[in-house]
2 protein chains.
Amino acid sequence: MPLDPRTRFGLKLIEIRKTRGWSQERLALESGLARSYLGGVERGQRNIALLNIFKLAEALGVAPSVLLETPVAEQELAP
Amino acid sequence: MPLDPRTRFGLKLIEIRKTRGWSQERLALESGLARSYLGGVERGQRNIALLNIFKLAEALGVAPSVLLETPVAEQELAP
């Protein structure tokens, strides 16, 4: 069963953030989003919308579409 | 100057919907989203969030990330 889109997005965001070696605080600073909000996004508790997805992508230096790709964690769960 | 993310998403959605040969009505039926809401999304008036992006992707039979790719219309505007 595929992950909930919010959980999936959170895992992907964590994955890309850690690839950068960034803390949540650093990503909050770079993106202009609140750290508590980012925490909720990473825990899959937020139905994040387009404008904030684009802010995160710009801060992380990736195409916005990359944030909607399947996280490695889910790929590993696949049969 | 890049398009507003909402405008860009709307153009991409129109592009993929027309590739399918679907009307807005058909996409509304397939996705479970209201036609008037879809009209607003396509006109770039809605800050659509993750759960609805995934509903549209599933209805259209594309990976969710495809909906965040650059629309052809914007590629043609690039220098």
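Note that this is a predicted model, so its numbers are computed, not measured.

Remarks on the overall build of chain A
Consideration 1: Across its full length, chain A holds five helices and zero strands.
Consideration 2: In sequence order, the secondary structure elements of chain A are arranged as α-α-α-α-α.
Consideration 3: Taking 12 Å as the expected radius of gyration for a compact globule of 79 residues, we find that chain A reaches 12 Å, a close match to that expectation.
Consideration 4: Overall, the C-alpha framework of chain A stretches about 40 × 20 × 20 Å when taken along its three principal axes.
Consideration 5: Taking all 79 residues of chain A together, 30% fall into the buried category.
Consideration 6: Long-range pairs, those at least 24 residues apart, make up 62% of the contacts in chain A between residues at least 6 apart in sequence.

Quick notes on the interface of chain A and chain B
Consideration 1: The interface of chain A with chain B comprises 13 residues on the first partner and 13 residues on the second.
Consideration 2: When residues of the side of chain A that touches chain B are traced back to their parent elements, those giving at least two are helix 1 (5-20) and helix 4 (50-60) of chain A.
Consideration 3: Within the side of chain A that touches chain B, the residues separate by chemical class into nine nonpolar, two polar and two charged.

A word on the relation of the copies chain A and chain B
Consideration 1: The transform that puts chain A on chain B rotates by 180° and translates by 0.0 Å along the axis, for an RMSD of 0.0 Å. The symmetry that links the two subunits is that of a two-fold axis. Taking C-alpha positions as the reference, the residue of chain A nearest the rotation axis is Ala49(A), at 1.8 Å.
Consideration 2: Both copies contact each other with a shared surface, as 100% of the interface residues of chain A are interface residues in chain B too.

A word on the nonpolar core
Consideration 1: One finds Ile53(A), Leu67(A), Ile53(B) and Leu67(B) to be the most contacted residues of the largest nonpolar core, which totals 30 residues.
Consideration 2: Of all the secondary structure elements, the ones that give two or more residues to this core are helix 1, helix 3 (35-42) and helix 4 of chain A together with helix 1 (5-20), helix 3 (35-42) and helix 4 (50-60) of chain B.
Consideration 3: Discounting residues that sit within four places of it in the chain, Leu67(B) has contacts with Phe9(B), Lys12(B), Leu13(B), Ile53(B), Leu56(B), Ala57(B) and Val62(B).

Observations regarding helix 1 of chain B
Consideration 1: Here helix 1 of chain B contains 16 residues, and its C-alpha end-to-end distance of 23 Å stays within 8% of the 22 Å for a straight helix at 1.5 Å per residue.
Consideration 2: For helix 1 of chain B, the full list of buried residues reads Pro5(B), Arg6(B), Arg8(B), Phe9(B), Gly10(B), Lys12(B), Leu13(B), Ile16(B) and Arg17(B).

Thoughts on the confidence of the model for chain A
Any residue range with low pLDDT should be treated as having predicted coordinates unsuitable for detailed reading.
Consideration 1: When the pLDDT values of chain A are averaged, the result is 94; 91% of them are 70 or greater.
Consideration 2: Two numbers describe this predicted complex: its pTM, 0.92, and its ipTM, 0.91.

Focus on the environment of Ser23(B)
Consideration 1: Following the sequence through the fold, Ser23(B) ends up in the loop between helix 1 and helix 2 (24-31).
Consideration 2: Residues Ser23(B) and Arg46(B), spaced 23 residues apart in sequence, show a C-alpha to C-alpha distance of 19 Å.

Here's the deal with the environment of Gln24(A)
Residue and element names in this part refer to chain A.
Consideration 1: For Gln-24, the position within the fold is in helix 2 (residues 24-31).
Consideration 2: Along the sequence, Gln-24 and Leu-38 sit 14 residues apart, while their C-alpha atoms lie 7.1 Å from each other.
Consideration 3: Gln-24 has contacts with Arg-35, Leu-38 and Gly-39, leaving out every residue within four places of it along the chain.

The rules behind these values
Within each chain, residues carry numbers counting from 1 in the order of the written sequence. Key to labels: chains lettered from A, ligands numbered from 1, both in the order written. Local features in this predicted model are restricted to residues of pLDDT 70 or higher, and side-chain atom pairs are both shown and tallied only at a pLDDT of 80 or more, whereas totals for entire chains, interfaces and linings draw on every residue. Helix and strand assignments follow DSSP, with helices taken as H or I runs no shorter than four residues and strands as E runs no shorter than two, numbered in order from the N terminus. Restricting the calculation to C-alpha atoms gives the radius of gyration, and the globule rule supplies 2.2 Å times the number of residues raised to the power 0.38. Residue burial here comes from a neighbour count, namely the number of other C-beta atoms, placed from the backbone, that lie within 10 Å of the residue's own C-beta, with 20 or more meaning buried, 12 or fewer meaning exposed, and in between meaning partly exposed. For the purpose of contact definition, each residue receives a C-beta atom placed from its backbone, and two residues are in contact when these atoms lie within 7 Å. When residues are sorted by character, Ala, Val, Leu, Ile, Met, Phe, Trp, Tyr, Cys and Pro go into the nonpolar class, Asp, Glu, Lys and Arg into the charged class, and all the rest, Gly among them, into the polar class. For this overlay, a least-squares fit was computed on C-alpha atoms, restricted to residues scoring pLDDT of at least 70 in both copies. Among buried residues, those of type Ala, Val, Leu, Ile, Met, Phe, Trp, Tyr and Cys that are joined through C-beta atoms within 7 Å form a set called a nonpolar core. Take the number of residues in a helix, subtract one, and multiply by 1.5 Å to get its expected span. As a per-residue measure, pLDDT tells how confident the predictor is, with possible values from 0 to 100.

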